[in-house]
Amino acid sequence: METIDFRQDLLPLKDKIFRLALRVCLNREEAEDITQDILVRAWEQRQMLAGVRSIEAWVLTATHRLAIDHLRQRERQNESLDDDRDDRPDSTPDVQQQIEDDERRQRLRQCIDSLPPPQRTIIQLRDIEGHSVAETAAITGLSEDNVKVLTHRARQALKNFITKHIHHGL
């Protein structure tokens with residue numbers, strides 16, 4: 001890639017950056033700040049990024065690192081992790097079905113949010129964003145074996161949560 005175009009190369013990554021930051025930090029405002037910071041950093045380093053094989057991988061790696069830094073800083077300040085959650089309206093026409101779907105999504109979101117930060121990140125990258133094991137390892141700085149183990153543990157925790165709550169109307 002020769003030159004970086006903000007609208008074409010960086011702006012389309014905005015939602016992925018935000019979702020990853022939100023999944024790690026569990027705080028909408030913080031995720032918005034991280035998204036803005038990463039986009040600014042990427043733009044400021046566009047000359048260097050022109051030689052990078054995958055801008056998306058670079059941006060998501062930087063996002064992960066910055067989000068972890070924010071999380072550690074917040075933990076040091078003993079702030080609560082129960083800030084605003086990502087609530088998106090559902091397009092289901094049946095109001096009752098929409099309410100039930102929203103409740104299911106909220107419970108699943110709470111389960112994902114209750115996972116340890118490394119597992120939350122892995123679920124976001126692997127299952128929500130669709131990255132491969134190798135890409136996830138590159139983004140997080142973990143080994144591929146570690147990514148596989150964390151993926152298995154996180155999915156098992158989600159499976160147990162879903163199985164437990166199916167009997168309770170999930």
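Placed above this text is the structure.
Our subject in this report is the structure included herewith. Here the structure is a predicted model, which is why all the values come from computation and not from measurement.

About the cut-offs
Residues numbered from 1 in each chain as written. Predicted model: local features only at pLDDT ≥ 70, side-chain atom pairs only at ≥ 80, totals over all residues. Heavy atoms only, no water. Helix = DSSP H or I, 4+ residues; strand = E, 2+ residues; numbered from the N terminus. Buried < 20%, exposed > 50% of the residue type's maximum accessible area, 1.4 Å probe, protein only. Contact = heavy atoms within 4.5 Å. Areas by Shrake-Rupley, 256 points an atom, 1.4 Å probe, with all protein chains shown as cover. Core = buried A, V, L, I, M, F, W, Y, C linked by side-chain atoms within 4.5 Å. Phe/Tyr/Trp six-rings, centres within 6.5 Å; stacked < 30°, edge-to-face > 60°. Lys NZ or Arg CZ within 6 Å of the ring centre and 35° of its normal.

## Some remarks on the overall build of the chain
Working step 1: The number of helices and strands found in the chain is nine helices and zero strands.
Working step 2: Across the 170 residues of the chain, 41% fall into the buried class.
Working step 3: Contacts in the chain between residues at least 24 apart in sequence constitute 63% of all its contacts with a sequence separation of at least 6.
Working step 4: Accessible area for the chain stands at about 10,100 Å²; split by element, carbon and sulfur atoms hold 47% of it.

## Let's talk about the nonpolar core
Working step 1: Counting 26 residues, the largest nonpolar core has Leu 10, Ile 17, Ile 34, Ile 38 and Val 59 as its most contacted members.
Working step 2: Top element by residues in this core is helix H5 (residues 55-76). It accounts for eight residues.
Working step 3: In contact with Leu 10, other than residues within four places in its own chain, are Ile 4, Asp 5, Leu 39, Ala 42, Trp 43, Ile 55 and Val 59.
Working step 4: Listed in part, the seven residues of the second largest apolar core include Cys 111, Ile 112, Ala 154 and Leu 158.

## What to know about the environment of Val 40
Working step 1: Secondary-structure assignment places Val 40 in helix H3 (residues 28-44).
Working step 2: Of the residues examined, Val 40 reaches a relative accessible area of 40% and is grouped as partly exposed.
Working step 3: Spatially, the C-alpha atom of Val 40 lies 9.9 Å from that of Phe 6, the residues being 34 residues apart in sequence.

## Description of the packing of aromatic side chains
Each aromatic ring pair is characterised by the separation of its centres together with the angle its planes make.
Working step 1: Under the counting rule described, the total for this entry stands at one aromatic pair.
Working step 2: Here Phe 6 and Trp 43 contribute two aromatic rings whose centre-to-centre distance is 5.8 Å and whose plane-to-plane angle is 90°, an arrangement assigned as edge-to-face. Within this pair, whereas Phe 6 is found in helix H1 (residues 6-10), its partner Trp 43 is found in helix H3, the two being separated by 37 residues in sequence.
Working step 3: With relative accessibility at 28%, the residue Phe 6 sits in the partly exposed group.
Working step 4: What makes Trp 43 partly exposed here is its relative accessible area of 33%.
Working step 5: The aromatic ring of Trp 43 is capped on one face by Arg 46, whose charged end is 4.0 Å from the ring centroid.

Geometric values such as these leave the question of function open.
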